[in-house]
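Observations on the model geometry
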Amino acid sequence: MQKKFEKFQGSYFLFFLLLVCLFYSIFYLSQHFYKTYYVLSATVSYDNTIQVLANRDVLYELNKNKTIYIEGKKYRVSIQNIIRNILEKDSISYHQVELSVLLPDKYQVYDVIQIMIYDEEESLLTIFKSCLKGDDYEKNR
């Protein structure tokens, strides 16, 4: 006949295994980073020029990175012109930025395209923390 403490040896092993898995997943989430991007709509204007409405943060990233992604392909850009304070919404000023970029021939004048601008790397743990707080992740960046 088995004694009481001998019956629960399997549950101790399972508890220890789950504890190890929990610590491993916390470590993985804190060390694994994902790249975050600003996604914006841009209008193709004339001769390899696109126009974007950008706030201060996006403008800073454009000055710093000098690259954008269009349909997953990386393009080098240079800022031709900035018209400041075009629009103010929710006490955030937006600026019209003209970017010079070598576009493929498939884009015509007045086409609206989606561009992505690299922002930073965020850990999954940071993203989950902001979700648990109930904060809007986009507003806290």
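Structure first, text after, so check above.
Residues numbered from 1 in each chain as written. Predicted model: local features only at pLDDT ≥ 70, side-chain atom pairs only at ≥ 80, totals over all residues. Heavy atoms only, no water.

Within the span of helix H4 (residues 124-133), buried status applies to Leu 124, Ile 127 and Ser 130. Take H4 and look down its axis: the buried residues cluster within an arc of 130 degrees, on one side only. Exposed side chains of H4 directed beyond 90 degrees from the buried face belong to Lys 129, Leu 132 and Lys 133. Gly 134 lies just past H4 and shows a positive phi near 90 degrees. (Buried < 20%, exposed > 50% of the residue type's maximum accessible area, 1.4 Å probe, protein only. Helix = DSSP H or I, 4+ residues; strand = E, 2+ residues; numbered from the N terminus. Arc of directions from axis to C-beta.)

A few words on a nonpolar patch on the surface. Residues Phe 15, Leu 19, Leu 22, Phe 23 and Ile 26 make up a contiguous nonpolar surface patch of roughly 500 Å² in combined accessible area. The residue Ile 26 is located in helix H2 (residues 9-31) in this model. Using a relative accessible area of 42% as the deciding quantity, one classes Ile 26 as partly exposed. (Patch = residues over 30% accessible without salt bridge, like charges linked within 9 Å, V, L, I, M, F, W, Y side chains within 5 Å. Areas by Shrake-Rupley, 256 points an atom, 1.4 Å probe, with all protein chains shown as cover. Salt bridge = Lys/Arg side-chain N within 4 Å of Asp/Glu carboxyl O.)

This part covers the nonpolar core. With 22 residues, the main nonpolar core has Ile 50, Leu 62, Ile 68, Ile 70, Ile 113, Ile 115 and Ile 117 as its most contacted residues. At 4 residues, the largest contribution of residues to this core is made by strand E1 (residues 33-44). (Core = buried A, V, L, I, M, F, W, Y, C linked by side-chain atoms within 4.5 Å.)

What follows covers unusual backbone geometry. Here Asp 47, not a glycine, exhibits a phi torsion of approximately 25 degrees, which is positive. With respect to the element layout, Asp 47 can be found in the loop between E1 and strand E2 (49-54). Among the residues examined, Asp 47 registers a relative accessible area of 71% and is labelled exposed.

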